[in-house]
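Coordinates in review
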Amino acid sequence: MAEFLIVYHSRTGASHQAAEAAAEAARTHLPCTLLRADQAAPEDLLAHDGYLFVAPENLASLSGLMKEFFDRCYYPLLGRIEGRPYAQVICAGSDGHGAARQLARIATGWRLREVQAPLILRTEAQSPERILAPKQLPPDHLARATELGAALGAGLEMGVF
Ligand SMILES: Cc1cc2nc3c(=O)[nH]c(=O)nc-3n(C[C@H](O)[C@H](O)[C@H](O)COP(=O)(O)O)c2cc1C
């Protein structure tokens, strides 16, 4: 049976909640491992058949810890995971496109196949206080993460990717 991996980083909780929601939905279809970016190693990606990457946008880029995961794993995996399906969720205050573009370029380098458009969840936090505050994703955001996890799980289970 195919196995699915979700790698995430979250500073204030939103991306973690999205990753958990996607994992719970994916597990209705197939085994799904959820790993924090600092715990994920190249062997974890090799051992799974498809990926969901979930991270916040920080300063118009991927959060530092998520970028560190890609920096650490990029060359050990180059040429070894080509063609595997992936998708991404970016949590952002008001934008998210910079991080999504950056992640897509990394995935293109690995020759992964994007099977769903990036899901950008905006918390609309603008002031320093709101940006730094712990986040609780609203039900519609959680539902979109759930839908994405279910779609990825079903696609991988049926072998359509
Ligand atoms: C240092 C820092 C930089 C940020 N930069 C951006 C940004 O460039 N664009 C944006 O839309 N949101 C930005 N945000 C807001 C976060 O992306 C947003 O709060 C997101 O929901 C955080 O996800 P998390 O709770 O998983 O950490 C920034 C937040 C922090 C702490």
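You'll find the structure just up there.
First, a word on scope: everything that follows refers to the structure included in this document. (Residues numbered from 1 in each chain as written. Predicted model: local features only at pLDDT ≥ 70, side-chain atom pairs only at ≥ 80, totals over all residues. Heavy atoms only, no water.)

**Describing the overall build of the protein chain**
Of regular secondary structure, the protein chain possesses 6 helices and 7 strands. Listed by position from the N terminus, the elements making up the protein chain come as β-α-β-α-β-β-α-β-α-β-β-α-α. Here the protein chain has a C-alpha radius of gyration of 15 Å; the compact-globule value for 161 residues is 15 Å, and the two agree. Seen through its principal axes, the protein chain has C-alpha atoms that stretch 45 × 35 × 25 Å. Residues counted as buried form 48% of the 161 residues belonging to the protein chain. By sequence separation, contacts in the protein chain at least 24 residues apart represent 81% of the contacts at least 6 residues apart. Summing over all exposed atoms, the protein chain offers an accessible surface of approximately 7,600 Å²; the carbon and sulfur share of this is 53%. Each charge class in the protein chain was averaged separately, 15 positive and 18 negative side chains, and the resulting centres sit 5 Å apart. (Helix = DSSP H or I, 4+ residues; strand = E, 2+ residues; numbered from the N terminus. Rg over C-alpha atoms; globule rule 2.2 N^0.38 Å. Buried < 20%, exposed > 50% of the residue type's maximum accessible area, 1.4 Å probe, protein only. Contact = heavy atoms within 4.5 Å. Areas by Shrake-Rupley, 256 points an atom, 1.4 Å probe, with all protein chains shown as cover. Lys, Arg positive; Asp, Glu negative; His and termini not counted. Charge placed at Lys NZ, Arg CZ, Asp CG, Glu CD.)

**Topic: the site of the ligand**
What surrounds the ligand is a group of 20 residues, the closest being S10, T12, S15, E57 and A60. Within the side chain of T123, one N or O atom sits 3.3 Å away from an oxygen atom of the ligand. Protein contact buries 85% of the 650 Å² of open area that the ligand shows by itself. Listing elements by their share of the shell around the ligand, those giving two or more residues are α1 (14–26), β3 (50–58) and β5 (85–92). A total of 3 residues in the shell around the ligand trace back to one element, the largest contributor, which is β3. In terms of residue class, the shell around the ligand is made up of 7 nonpolar, 9 polar and 4 charged. (Near = heavy atom within 4 Å. Polar contact = N/O pair within 3.5 Å; in protein donor to acceptor, adjacent residues only side chain to side chain. Nonpolar A, V, L, I, M, F, W, Y, C, P; charged D, E, K, R; others polar.)

**What about the packing of helix α3 (residues 64–77) against helix α4 (residues 97–110)?**
Look at α3 against α4: their axes get within 10 Å of each other, and the N-to-C directions meet at 10°. When the interaxial angle is binned, α3 and α4 end up roughly parallel. Here K67, F70, C73, Y74 and L77 of α3 come into contact with α4, specifically with Q102, L103, I106, G109 and W110. Tallied by class, the residues present in the contact of α3 with α4 amount to 7 nonpolar, 2 polar and 1 charged. (Axes fitted to C-alpha atoms, helices over the stretch in contact; angles between N-to-C directions. Parallel < 35°, antiparallel > 145°, perpendicular 65-115°, else oblique.)

**Remarks on the state of the cysteines**
Applying the stated rule across the entire model yields 0 disulfides. In this model C32 remains outside any disulfide bridge; the closest cysteine sulfur is found in C91, 16 Å from its own. Its sulfur unpaired, C73 is 17 Å from the next cysteine sulfur, which belongs to C32. (Disulfide = S-S within 2.5 Å.)

**A closer look at the nonpolar core**
Of all hydrophobic cores here, the largest spans 28 residues; its most connected members are L45, F53, L62, M66, F69, F70 and W110. Taken together, the elements giving at least two residues each to this core come down to β1 (4–8), β3, α3, β5 and α4. Considering each element in turn, this core owes the most residues, 7 residues, to α4. Counting residues in each nonpolar core, the second largest holds 24 residues, with A14, C91, L137 and A145 among its members. (Core = buried A, V, L, I, M, F, W, Y, C linked by side-chain atoms within 4.5 Å.)

**Focus on the side chain of H141**
On the secondary structure map, H141 appears in helix α6 (residues 139–158). What makes H141 buried here is its relative accessible area of 9%. Leave out the neighbours within four places in its chain, and H141 touches L121 and R122.

**As for the packing of α1 against α6**
In contact at an axis separation of 7 Å, α1 and α6 are set at 40° when each is read in the N-to-C sense. By the angle class used here, α1 and α6 are oblique. Here α1 and α6 pass one another in a crossing that is right-handed. Note on element contacts: α6 touches α1 through L142, A145, T146, G149, A150 and G153, opposite Q17, A18, A21, A22, A25 and A26. Its residues placed into classes, the contact of α1 with α6 shows 8 nonpolar, 4 polar and no charged. (Left-handed = near helix turned anticlockwise from the far one by under 90°.)

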